[in-house]
Amino acid sequence: MGNRGMEELIPLVNRLQDALSSVGQSCSLHLPQIAVVGGQSAGKSSVLENFVGRDFLPRGSGVVTRRPLILQLLSGNSEHGEFLHCKGKKFTDFDEIRKEIEVETCRVTGSNKGISPVPINLRIYSPHVLNLTLVDLPGITKVPVGDQPADIEYQIRDMIMQYICKENCLILAVTPANTDLANSDALKLAKDVDPQGQRTIGVITKLDLMDEGTDAREILENRLLPLRRGYIGVVNRSQKDIDGKKDIKAALLAEQKFFLSHPAYKHMAENMGTPYLQRILNQQLTNHIRDTLPAFRSHLQSQLLALNKEAEEYRQYSPDDPARRTKTMLQLVQRLAVDFEKLIEGSGDKVDTVNLSGGAKINRIFHERFPYELVKLESDERKLRQEINYAIRNIHGVRTGLFTPDMAFEAIVKKQVSRLKGPCTKFVDMVSQELLSTVHQCIGKLSSFPKLQEETERIVTTEIQEQESKCRDQIMLLIDIQLAYINTKHEDFIGFTNAQHAHNQNNKKNAAAMAGNQVIRKGWLTISNIGIMKGGAKEYWFILTAESLSWFKDDEEKEKKYMLPLDNLKLRDVEKGFMSSKFVFAIFNTELRNVYKDYKCLELACDSQEELDSWKASLLQAGVYPEKVTGNGAENFSDPQLERQVETIRNLVDSYMTIIYKTVKDLMPKTIMHLMINSVKEFISSELLAQLYALGECSALMDESPEQQKHREEVLCKHAALKEALTVIGKISTSTCTTPMPPPVDSSWIQPSSNALPKKSATSGKPVARGHAPSVPRVPAHTGPTAAQSVDGLQQPAGQPTRAPPSVPRRHPPPIPNVK
């Protein structure tokens, strides 16, 4: 059995599990468990009751165990039970334990045979038990009853897999002796996750119910249908014994008498029965701990190191000390200012590689979203020429004008400049929203102190709104300044002399060409408007240059699918489909030519609105403009002189608005940066603390939330439990006696449940279509102390036999029997 120190480890780690369970499994240190697996009414619950020596489990027909029961047996002087959900309450009446299990089961699953994977934790202290941790799982059933779903079999299998696929779980495969062992569901599931048989122990029940003249001697001797760890036979109470309230102690004596008196079993009676099974399981559990002890100690130490800093802070924190409260508030506000500045200005410290920070998002607004909004603002050619036409004619009135009126130019320019107010206001709103989001992200770290968080959020939000208002007024002032005086002497303005020779559209194209064939953007896009007959929507790797848009099979850029020149291409929005999660835009040719093969337009889809806006901005940079910025559509004028005047004014407006757009694109980000972003940053770092003090409620602001109080207590409790565990483990001798692993056996007689394929129905001759069972939960690789990990994620200690990994294939539904 090993030394006493090893025996003391089991109850210690059980206490540790309780200390950690209320923390939400943030530090999973599960002791190796024994999962009891078997078919419905195989006798699993009876085996557990025999261990305890008491009737305490619900009984009945059908699925009785409807939630996993984690049963921790601990040797003690008194005999009582404790539930984790009823902390502090001791159950000395085992009938009350049964009723509590039934009530707690119905609370989660309902009263009509429903099931749930949420476990019930029960701890039983008794002088008649050995230290064990067992999990009683629902029996495998085939036919749903009551409120059970149609896929009840697969749900139960998946629930069982959650436990037995872990390397730290020993599998107790319970099979009745009066059924065909080769078709045992328990052994099939065990074979799925433990193909080498290193964790599987066979248990044969109901040996006393076998047909007369038959026995299970060859199976129990492990000669017929062998398992690596062999089988142990037990005899449980019959239903008649249970109804007659037969004492379990008497049943154990009857079990011993059965094995000693039966001619087929008496030679191995000392290796049969419930007491022997209990000793073997205790030994295996102890051995498993011994095998994993070095890695287990290392795992405990890593958890302790991760908690040291936080536990030290909480240990020094005194909630009722005013000086400590003031110091904590000062530190929190300083940290808030530093975090905000890092998110806005950028930092090489702890760079987020998953999401864009507030500063990066504002940069996109400055240089992608705002320029795109300005381009969308540009009027289409036909409408602009018509406005110029009407302006010239209205200025001349009844007279016939001989010269091009400059008043028409000024009127059109002022109208164009006035329209900038919309995009500029939207620009301020977008930056303000990002600032608020960034502030909320930083203030979220104050959640331990709800009042402080609320007041800080209110003060900073108010400041942002005030600065936003000032910034909006300043931007409106800048636009009004542009309206106040039209400077036709600007050095970049073409003037009337050169107006007729200027072609702004060509200038834009030439500017793009000057950049050469440089790459503007790369990324994945889906061509979404290709019909199913031609392959359907596919994702490709796109490369946008100043001259073309190309796409490749993948990002290795070896297999080019197509190259599309950007000449005469325009961009338009496409409405998002009803069932689609993609964001779509379209590219088309203004001369109505096919863009790609026999397609008039190319619909390209991406995964987010941000990505869509970024692609639009990149296409804009390459000279592909939105649809309403059309080509050289012209008004058909009957008067040639009027036509020349319109063309002159048109070129003058283009030239002057180009100057305005450059000025606005340059000044708007600078104005917002100065009046909003820098002001808010300065306010948080220098004024926020003073305003919080001015409230006069510093002590009340630092009241902890109930959740924070609980978290602080749990961290300190967890830290103490980890230190205690390491102290005890340090005293344990690693030379504990152990039983060597039995040699491998040929277990090919067990057909894994994953190989069971649907057979053909005798009536139809066609395969019966049934869905797959849920995939087997995988045990993640050890990457750190995460919620999904447990001891099975630990490394195997050096010098120990290499265990086969839990390679679990995808389970298919069991075969459907042929219809006779």
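Thresholds, definitions, all that
- Residues numbered from 1 in each chain as written.
- Predicted model: local features only at pLDDT ≥ 70, side-chain atom pairs only at ≥ 80, totals over all residues.
- Heavy atoms only, no water.
- Helix = DSSP H or I, 4+ residues; strand = E, 2+ residues; numbered from the N terminus.
- Buried < 20%, exposed > 50% of the residue type's maximum accessible area, 1.4 Å probe, protein only.
- Contact = heavy atoms within 4.5 Å.
- Areas by Shrake-Rupley, 256 points an atom, 1.4 Å probe, with all protein chains shown as cover.
- Salt bridge = Lys/Arg side-chain N within 4 Å of Asp/Glu carboxyl O.
- Pairing = 2+ DSSP bridges.
- Axes fitted to C-alpha atoms, helices over the stretch in contact; angles between N-to-C directions.
- Phe/Tyr/Trp six-rings, centres within 6.5 Å; stacked < 30°, edge-to-face > 60°.
- Lys NZ or Arg CZ within 6 Å of the ring centre and 35° of its normal.
- pLDDT = per-residue confidence, 0-100.
- Expected span 1.5 Å × (residues − 1).
- Arc of directions from axis to C-beta.
- 1 Å grid on protein atoms, 1.4 Å probe; cavity = no way out; pocket = protein on both sides within 12 Å on 5 of 7 lines; lining within 4 Å.
- Points joined across faces, edges and corners; volume = space filled by probe spheres on them.
- Nonpolar A, V, L, I, M, F, W, Y, C, P; charged D, E, K, R; others polar.
- Polar contact = N/O pair within 3.5 Å; in protein donor to acceptor, adjacent residues only side chain to side chain.

Our next topic: the overall build of the protein. Across its full length, the protein carries 22 helices and 16 strands. With 820 residues in all, the protein has 49% of them scored as buried. Partitioning the contacts of the protein with sequence separation of at least 6, the portion at a separation of at least 24 is 77%. For the protein, the exposed surface amounts to about 40,700 Å²; the carbon and sulfur share of it is 51%.

Once that is clear, we can look at helix α5 (residues 185-193). Counting buried positions over the 9 residues of α5 gives 9, a clear majority of the element. Within α5, burial applies to D185, A186, L187, K188, L189, A190, K191, D192 and V193. Buried positions along α5 lie against β1 (33-38), α4 (152-164), β6 (169-176), β7 (200-205) and β8 (231-233).

The next thing to look at is the pattern of salt bridges. Summed over all chains, the structure comprises 30 salt bridges. In this structure, E104 and R67 form a salt bridge, with 3.4 Å as the shortest nitrogen-oxygen distance. Of this pair, E104 sits in helix α3 (residues 94-109) while R67 is found in the loop between α2 (44-52) and β2 (69-75), placing the two residues 37 residues apart along the sequence. We classify E104 as buried; its relative accessible area is 7%. The exposure class assigned to R67 is buried, which follows from its relative accessible area of 4%. A salt bridge links E559 to K561, with the shortest nitrogen-to-oxygen separation between them at 3.1 Å. Several salt bridges share partner residues, and in doing so they unite R217, E218, E221 and R223 into one network.

Below, the discussion takes up the sheet that holds β1. The sheet built from 8 strands is open, its strands ordered β3-β4-β2-β5-β1-β6-β7-β8 with mixed pairing. Each having just a single partner strand, β3 (80-83) and β8 make up the two edges of the open sheet. Direction aside, neighbouring strands of the sheet carry axes that sit 25 degrees apart on average. Two strands pair when backbone bridges link them, and β2 and strand β5 (residues 132-136) are joined in this way by 5 bridges, in the antiparallel orientation. Opposite L69, over in β5, you have D136 as the bridge partner. Packed on one face of the sheet, α2 meets β1, β2, β4 (120-126), β5, β6 and β7 and runs near 155 degrees to β5.

Bringing the packing of aromatic side chains into the picture now. Aromatic ring pairs are reported here in terms of the distance separating the ring centres and the angle at which the planes meet. In this structure the tally under the stated criterion is 16 aromatic pairs. Taken together, the ring pairs connect F542, W551, Y562, Y596 and Y599 into an aromatic cluster. Lying over the aromatic face of W615, R521 brings its terminal NZ or CZ to 4.8 Å of the ring centre. A cation over a ring is seen here: R572 above F588, with NZ or CZ 4.6 Å from the ring centre.

Time to look at the confidence of the model for the protein. The pLDDT averaged across the protein works out to 77; a share of 78% of its residues lies at or above 70. Note on residues 502-515: pLDDT under 50 across the span, and 12 contacts to partners over four residues away in sequence or across chains. Note that residues 755-811 has pLDDT below 50 and, in this model, 118 contacts with residues that lie over four places away or in other chains.

The next thing to look at is the sheet that holds strand β13 (residues 569-573). The 8 strands lie next to each other as β12-β11-β10-β9-β15-β14-β13-β16, forming an open sheet whose pairing is mixed. The sheet terminates laterally at β12 (560-565) and β16 (625-626), the two strands that pair on one side only. As judged from the 2 bridges shared by β13 and β16, these two strands associate in the parallel manner. Looking across to β16, one finds that K570 is bridged to Y625. The strands touched by helix α18 (residues 609-621) are β9 (519-527), β10 (538-545), β13, β14 (583-589), β15 (601-606) and β16; relative to β9, the strand with the most contacts, the crossing angle is about 130 degrees.

Here the focus is unusual backbone geometry. If you check the backbone angles, N568 has positive phi at about 60 degrees while not being a glycine. With respect to the secondary-structure elements, N568 resides in the loop between β12 and β13. Even without glycine at this site, K597 takes up a positive phi of about 55 degrees. Summarising the element assignment, K597 is placed in the loop between β14 and β15. Residue class for K597 comes out exposed when judged on its relative accessible area of 60%.

Take helix α13 (residues 406-418) next. In this model α13 runs 18 Å from its N-terminal to its C-terminal C-alpha over 13 residues, within 8% of the 18 Å that 1.5 Å per residue would give. Taken together, the buried positions of α13 are occupied by A408, F409, I412, V413, Q416 and V417. Projection of α13 onto a plane perpendicular to its axis shows the buried side chains occupying an angular sector of 160 degrees, all on one side.

A volume near 1,400 Å³ is recorded for the largest pocket. Surrounding the largest pocket, 39 residues form its lining, L332, R335, D339, K350 and K445 being those nearest its centre. Elements represented by at least two residues in the lining of the largest pocket include exactly α9 (274-316), α10 (322-345), α11 (358-377), α14 (421-443) and α22 (706-731). Counting residues per element, the lining of the largest pocket draws most heavily on α10, at 10 residues. When its residues are assigned to classes, the lining of the largest pocket shows 10 nonpolar, 13 polar and 16 charged.

Across all of its chains, the model carries 2 cavities of 30 Å³ or more by this definition. If you add up the space inside the largest cavity, you get close to 90 Å³. As for the largest cavity, its lining consists of S45, L57, P58, V64, T65, R66, R67, L69, I101, T105, I120 and D136. Broken down by class, the residue content of the lining of the largest cavity amounts to 6 nonpolar, 3 polar and 3 charged. Considered as a void within the structure, the second largest cavity measures approximately 40 Å³ in volume. If you go around the second largest cavity, the residues you meet are L478, I479, Q482, T663, V664, L667 and M668. Top element by residues in the lining of the second largest cavity is helix α19 (residues 640-686). It accounts for 4 residues. Across the lining of the second largest cavity, the residue classes tally to 5 nonpolar, 2 polar and no charged.

A word on the environment of L619. In this fold, L619 is placed in helix α18. It is 9.3 Å that separates the C-alpha atoms of L619 and K570, two residues lying 49 residues apart in sequence. Excluding anything up to four places from it in sequence, L619 contacts L544, L571, F585, I587 and V624.

Turning our attention to the side chain of R199. Following the sequence through the fold, R199 ends up in the loop between α5 and β7. According to the relative accessible area criterion, R199 is buried, its value standing at 1%. At 3.0 Å, the side chain of R199 forms a polar contact with the backbone oxygen of K166.

A separate point is the side chain of S126. Within the fold, S126 resides in strand β4. S126 gets classed as buried once you look at its relative accessible area, which sits at 0%. Only 3.1 Å separates the side chain of S126 from the backbone nitrogen of H128, close enough to count as a polar contact. Aside from chain neighbours lying at most four places away, what touches S126 is V52, L74, S75, G76, S78 and E79.

Among the secondary structure elements, S608 is positioned in the loop between β15 and α18. Judged by its relative accessible area of 27%, S608 is partly exposed. Through-space distance from the C-alpha of S608 to that of S581 is 8.5 Å; in sequence the pair is 27 residues apart.

With that settled, the discussion passes to the pairing of β4. Burial analysis of β4 places 5 of its 7 residues in the buried class, the great majority of the element. Alignment of β2 against β4, held across 7 bridges, turns out to be parallel. Bridging across to β4, L69 finds its partner in I120. The pairing of β3 with β4 spans 4 bridges and is classified as antiparallel. The partner of F83 across the bridge, within β4, is L122.

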